[in-house]
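Here are the chains, one letter per residue:
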Amino acid sequence: DTAVSQTPKYLVTQMGNDKSIKCEQNLGHDTMYWYKQDSKKFLKIMFSYNNKELIINETVPNRFSPKSPDKAHLNLHINSLELGDSAVYFCASSQGDSPGYEQYFGPGTRLTVT
Amino acid sequence: GNSVTQMEGPVTLSEEAFLTINCTYTATGYPSLFWYVQYPGEGLQLLLKATKADDKGSNKGFEATYRKETTSFHLEKGSVQVSDSAVYFCALGTSGTYKYIFGTGTRLKVLA
């Protein structure tokens, strides 16, 4: 049983296209996140949702739009893809906002924009 | 604001060597501290955590102690194995922020 799953695992597309990445967690967690990891492994938070409400939006271009249809799902849609969007995108979830709760990460989606 | 600083890598060690990866933090209040590990091609997974001062987290032979006086949470292992080769991230979480701050990651390479 995969706790946090993402699809697709790999995504290769051309500049200007629109693409989506899906994330699902079966842990019953209230909070979900999207992170971007660059080629140097630096991990940057993009969005956080708690009970389907947007909590954090970290100066991400508005070409990126998260959507949470329910507590178990958090999808990421990217419009007009640019070369700089190439990265690995991780979805994560946690039980709530208590600082003691760990985050559970998905396997990542490697996005390559050509 | 809150921040995490960890030593730059890569760290290259021989099998059975002693490992220390330094992590220091800046935070208001009383954060929880974590070490996550990322194996090649995978997502991050929790290695250990500590939620209050003087707590020691431990797992798979790794240890880290929450030191409030030095604002540190250094990761140690007495004898590393080739299978420990990975990227290690120090992180902190503070109440009410819904946000965890991650360090830049330290790549560890263990040679047989």
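An account of the accompanying structure is given in this report.

Rules and cut-offs
- Residues numbered from 1 in each chain as written.
- Chains lettered and ligands numbered in written order.
- Predicted model: local features only at pLDDT ≥ 70, side-chain atom pairs only at ≥ 80, totals over all residues.
- Heavy atoms only, no water.
- Pairing = 2+ DSSP bridges.
- Helix = DSSP H or I, 4+ residues; strand = E, 2+ residues; numbered from the N terminus.
- Axes fitted to C-alpha atoms, helices over the stretch in contact; angles between N-to-C directions.
- Disulfide = S-S within 2.5 Å.
- Buried < 20%, exposed > 50% of the residue type's maximum accessible area, 1.4 Å probe, protein only.

**Brief notes about the sheet that holds strand E8 (residues 73-78) of chain A**
Residue and element names in this part refer to chain A. Spatially, four strands are ordered E1-E3-E8-E7 in an open sheet, and the strand pairing comes out antiparallel. At either end of the open sheet lies a strand with only one pairing partner, and these are strand E1 (4-7) and strand E7 (64-70). Sheet twist, expressed as the average angle between the axes of neighbouring strands with direction ignored, equals 20°. Where E7 meets E8, five bridges bridge the pair, whose relative direction is antiparallel. Bridge pairing in E8 places Pro 66 opposite Leu 76.

**Considerations on the state of the cysteines**
For the coordinates displayed, the defined rule picks out two disulfides over all chains. In this model Cys 23 of chain A forms its disulfide with Cys 91 of chain A; the gap between the sulfur atoms is 1.9 Å. As the torsion about the S-S bond is roughly -75°, the Cys 23 of chain A-Cys 91 of chain A disulfide counts as left-handed. Of the two residues, Cys 23 of chain A sits in strand E3 (residues 19-25) while Cys 91 of chain A sits in strand E9 (residues 87-94), which places them 68 residues apart along the sequence. Each member of the pair, Cys 23 of chain A as well as Cys 91 of chain A, carries the same accessibility label: buried. Disulfide partner of Cys 23 of chain B: Cys 90 of chain B, at an S-S distance of 1.9 Å. Across the disulfide from Cys 23 of chain B to Cys 90 of chain B, rotation about the S-S bond amounts to roughly -70°, and the bridge is consequently left-handed. In this pair, Cys 23 of chain B sits in strand E4 (residues 23-26) while Cys 90 of chain B sits in strand E10 (residues 86-93), placing the two residues 67 residues apart along the sequence. By relative accessible area, Cys 23 of chain B is classed as buried at 1%.

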